[in-house]
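So the chains spell out like this:
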Amino acid sequence: GLKDAFDVIVAKEDAVARKPAPDSYKLALEKLGVKPGRAVAIEDSPTGLAAAKAARMTCLAVGHRREFGAWVGDAVYFSSLEPVSSVLKHLHLA
């Protein structure tokens, strides 16, 4: 029931190479007409963060399944997306 909430959906089948390659992020950015510096990737895995970083995007690590650790790298870590206000404040959207 959420499909209509998104302008673009890129699945692993849409990309030439899967994460940690940046292909899926680059394809999404292209379809949206957004430059990497104007986009944020919210990821919960080391391969996802690597893909987003390779696509030159700002990265947020969300550890709803993982504790803070080396997998986060230089991304900002949130233990969850709740409260959303904390995430939005970090992104300067609230």
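Criteria and thresholds
- Residues numbered from 1 in each chain as written.
- Predicted model: local features only at pLDDT ≥ 70, side-chain atom pairs only at ≥ 80, totals over all residues.
- Heavy atoms only, no water.
- Phe/Tyr/Trp six-rings, centres within 6.5 Å; stacked < 30°, edge-to-face > 60°.
- Lys NZ or Arg CZ within 6 Å of the ring centre and 35° of its normal.
- Core = buried A, V, L, I, M, F, W, Y, C linked by side-chain atoms within 4.5 Å.
- Buried < 20%, exposed > 50% of the residue type's maximum accessible area, 1.4 Å probe, protein only.
- Helix = DSSP H or I, 4+ residues; strand = E, 2+ residues; numbered from the N terminus.
- Contact = heavy atoms within 4.5 Å.

J.: Help me understand the packing of aromatic side chains, please; the structure alone is not making it clear to me.
T.: The geometry of an aromatic ring pair is captured by the separation of the ring centres together with the interplanar angle, meaning the angle of the planes. Counted according to the given criterion, the structure contains 2 aromatic pairs. Ring plane angle 80 degrees and centroid distance 6.2 Å describe the contact between Trp71 and Tyr77, whose orientation is recorded as edge-to-face. Grouping aromatic residues by their ring pairs yields a cluster made of Phe68, Trp71 and Tyr77. Directly above the ring of Trp71 sits Arg66, whose terminal nitrogen or CZ lies 5.8 Å from the centroid.

J.: For this particular structure, what's the right way to read the nonpolar core?
T.: The nonpolar side chains of a soluble globular protein tend to be buried, and buried together. If you look at the biggest cluster of nonpolar residues, it comprises 14 residues, and the most contacted ones within it are Tyr25, Leu49, Met57, Ala61 and Ala75. Elements that contribute at least two residues to this core include exactly helix 1 (23-32), helix 2 (46-54) and strand 2 (58-62). Examining the composition of this core, we find that 3 residues originate from one element, helix 2, more than from any other. In this structure Tyr25 touches Lys19, Ala41, Ile42, Glu43, Gly48, Ala51, Ala52, Ala55 and Met57, once residues within four positions along its chain are discounted.

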